[in-house]
Amino acid sequence: LEHRMLYEQVRDLRTSQIARAHLLWIGHGEIYKDGYRLDIDTENRIKNFVSRGGIVIVSGQDMSNFRRRGVGWIPELLIGDERDEILEFTPTRIGKPLFEHPHHIQSGQIKVDDRWVEWTDKYKLYATTNGGHEAVVLLLPFQAGLYIVTSLKNETQADVQMNQAMMENLLYYSIKWFDQQKHSHLYYMPR
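Residues numbered from 1 in each chain as written. Predicted model: local features only at pLDDT ≥ 70, side-chain atom pairs only at ≥ 80, totals over all residues. Heavy atoms only, no water.

A. Focus on helix α2 (residues 157-181). A rise of 1.5 Å per residue sets the reference length of α2, with its 25 residues, at 36 Å; its end C-alpha atoms lie 34 Å apart and thus fit the reference within 8%. Where α2 bends most, the angle comes to about 55°, and this point is Asn 163. The complete set of buried residues in α2 reads Asp 159, Asn 163, Met 166, Met 167, Asn 169, Leu 170, Tyr 173, Ser 174, Ile 175, Trp 177 and Phe 178. Of the surrounding secondary structure, the elements contacted by the buried residues of α2 are β1 (23-26), β2 (55-59), β7 (124-129), β8 (134-142) and β9 (145-150). (Helix = DSSP H or I, 4+ residues; strand = E, 2+ residues; numbered from the N terminus. Expected span 1.5 Å × (residues − 1). Bend = angle between axes of the 7 residues up to and from the residue. Buried < 20%, exposed > 50% of the residue type's maximum accessible area, 1.4 Å probe, protein only. Contact = heavy atoms within 4.5 Å.)

B. Examining the nonpolar core more closely. Ranked by internal contacts, the top residues of the largest apolar core, which has 23 residues, are Leu 98, Phe 99, Ile 110, Val 137, Ile 148 and Met 166. Not counting chain neighbours up to four residues away, the residues in contact with Val 137 comprise Leu 98, Phe 99, Lys 124, Leu 125, Tyr 126, Ala 127, Ile 148, Val 149, Thr 150 and Met 166. One finds Leu 24, Leu 38, Val 71 and Tyr 123 within the second-largest nonpolar core, a separate group that totals 22 residues. (Core = buried A, V, L, I, M, F, W, Y, C linked by side-chain atoms within 4.5 Å.)

C. Inspection of the packing of aromatic side chains at higher detail. A complete count under the given rule lists four aromatic pairs for this structure. Arranged with centres 6.3 Å apart and planes meeting at 45°, the rings of Phe 142 and Tyr 147 form a pair that is tilted. Here the two residues Phe 142 and Tyr 147 agree in accessibility, since each one is buried. Counting every residue linked through ring pairs, the aromatic cluster contains Trp 73, Phe 142 and Tyr 147. (Phe/Tyr/Trp six-rings, centres within 6.5 Å; stacked < 30°, edge-to-face > 60°.)

Here it is as structure tokens:
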């Protein structure tokens, strides 16, 4: 895929111009670390962004202070729970392409932590652990957009380095998915 990516770090979604973006990456710990950080306005902005064709990637969560908490910025039930850090995962049949391009990623090559333990059948399960009872990667198409929710642990620089290839695969998959949608109403800067 030939694309130029422009990115901007955002500290507060209430004041940012996410409507001009194609992709919103919510980093490890932003959801629950030291208390839930997203208010109702922010949750609604995220859902609106996806409904209009945007893609949200969630690179993990931190459930150390909360157990079995639902996610208010996703329109379908999704509950996470605290789990020990592991390296093992099993891709599902539909999820295999995500782990093959541009990098071939096998179990033992990514670090996951607190996992998603309950979800509805509207999600597409791309990778699991614990015999399929815990989700490592879930996709949720929502109106014109897409949520990609992971259990990656990106708390330290070493975690990020270990998960770098997987994060590149997530971006690659997102761009490929976006290109197939042909969303003309979102902001796009021609080459």
